[in-house]
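Survey of secondary and tertiary structure
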Amino acid sequence: MNKSKGMVESEISKAVTQWEKDYLGRGSLTVKSDILRDMIIVTLRGILTPAEYVLCSDKEGLLSIKRTRTSLVESGIADLKEMITNIVGFEVLSFHTDLSTRSGERVMVFRLSGDLSSTFS
């Protein structure tokens, strides 16, 4: 791979942001990607709408938002996995995600078929 680690992380962040806009209808305010061994960790901030923050004020609304947002992301997992594989050249073996309804932050973790961090000098 001729790209630097920072360049690949930036490319992943841009691709995830574009996927959010295309698939979910809106993007997060900030996205940061980090490569760690065989994992890519993507942190997305500002993903909830003002109305969703209001719904999160009680337990029922909070669980509803988490469930709905998780279902939306997981329904597009095939596209996300393909996108990551095309960028890094390793197959995505597994995908994990969680959403904080307090901070409006989502974390995505992609486990890869190889050690991506070892490909950078």
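A brief structural summary. Keep in mind the model is a prediction, meaning the values are calculated, not measured.

1. Observations regarding the pattern of salt bridges
- Counted according to the given criterion, the structure contains six salt bridges.
- Of the charged contacts, one joins Lys66 and Asp98 as a salt bridge, the two residues approaching to 3.3 Å between their closest N and O atoms. Note that Lys66 is positioned in helix 3 (residues 59–75) and Asp98 in strand 3 (residues 92–100), a separation of 32 residues in sequence.

2. A few points about unusual backbone geometry
- Despite not being glycine, Arg37 has its phi angle at roughly 50 degrees, a positive value.
- When you line up the elements, Arg37 lands in the loop between strand 1 (30–36) and strand 2 (39–45).

3. Here we look at helix 1 (residues 5–24)
- Between its first and last C-alpha, helix 1 extends 28 Å over 20 residues, near the 28 Å set by a 1.5 Å rise per residue.
- For helix 1, the complete set of buried residues consists of Val8, Glu9, Ile12, Ser13, Ala15, Val16, Thr17, Trp19 and Glu20.
- If you follow the buried residues of helix 1, they end up packed against strand 1, strand 2, helix 3, helix 4 (77–88) and strand 4 (105–112).
- In the segment just after helix 1, Gly25 is the residue with positive phi, at about 95 degrees.

Conventions and cut-offs
Residues numbered from 1 in each chain as written. Predicted model: local features only at pLDDT ≥ 70, side-chain atom pairs only at ≥ 80, totals over all residues. Heavy atoms only, no water. Salt bridge = Lys/Arg side-chain N within 4 Å of Asp/Glu carboxyl O. Helix = DSSP H or I, 4+ residues; strand = E, 2+ residues; numbered from the N terminus. Expected span 1.5 Å × (residues − 1). Buried < 20%, exposed > 50% of the residue type's maximum accessible area, 1.4 Å probe, protein only. Contact = heavy atoms within 4.5 Å.

It is worth stressing that arrangement in space is one thing and function is another; only the former is reported here.
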